[in-house]
Amino acid sequence: MFRKVLIGMLAVAIGLAVAGAGYRFGQYLAQKDTTGTPVARASA
């Protein structure tokens, strides 16, 4: 039982790390975009 909880927590941590990296990469691409349109930053 403890092993399943530990594996589940590890899977969640990996998922959050991948999502965070994707979010940062999206911000980078939006900043790099040179179309001249202003990018509105969402504040959570």
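For the structure, see preceding data.
Residues numbered from 1 in each chain as written. Predicted model: local features only at pLDDT ≥ 70, side-chain atom pairs only at ≥ 80, totals over all residues. Heavy atoms only, no water.

**Student:** Requested: an account of the overall build of the protein, with residues and values cited.
**Tutor:** Each helix and strand in the protein was counted, giving one helix and zero strands. Roughly 4400 Å² of accessible area belongs to the protein as shown, and the carbon and sulfur atoms make up 70% of that amount. (Helix = DSSP H or I, 4+ residues; strand = E, 2+ residues; numbered from the N terminus. Areas by Shrake-Rupley, 256 points an atom, 1.4 Å probe, with all protein chains shown as cover.)

**Student:** So what about a nonpolar patch on the surface? Which residues, and what values?
**Tutor:** Together, Met1, Val5 and Met9 make up a nonpolar patch on the protein surface, roughly 370 Å² of accessible area in all. Within the secondary structure, methionine 9 sits in helix 1 (residues 2-32). Of the residues examined, methionine 9 reaches a relative accessible area of 55% and is grouped as exposed. (Patch = residues over 30% accessible without salt bridge, like charges linked within 9 Å, V, L, I, M, F, W, Y side chains within 5 Å. Salt bridge = Lys/Arg side-chain N within 4 Å of Asp/Glu carboxyl O. Buried < 20%, exposed > 50% of the residue type's maximum accessible area, 1.4 Å probe, protein only.)

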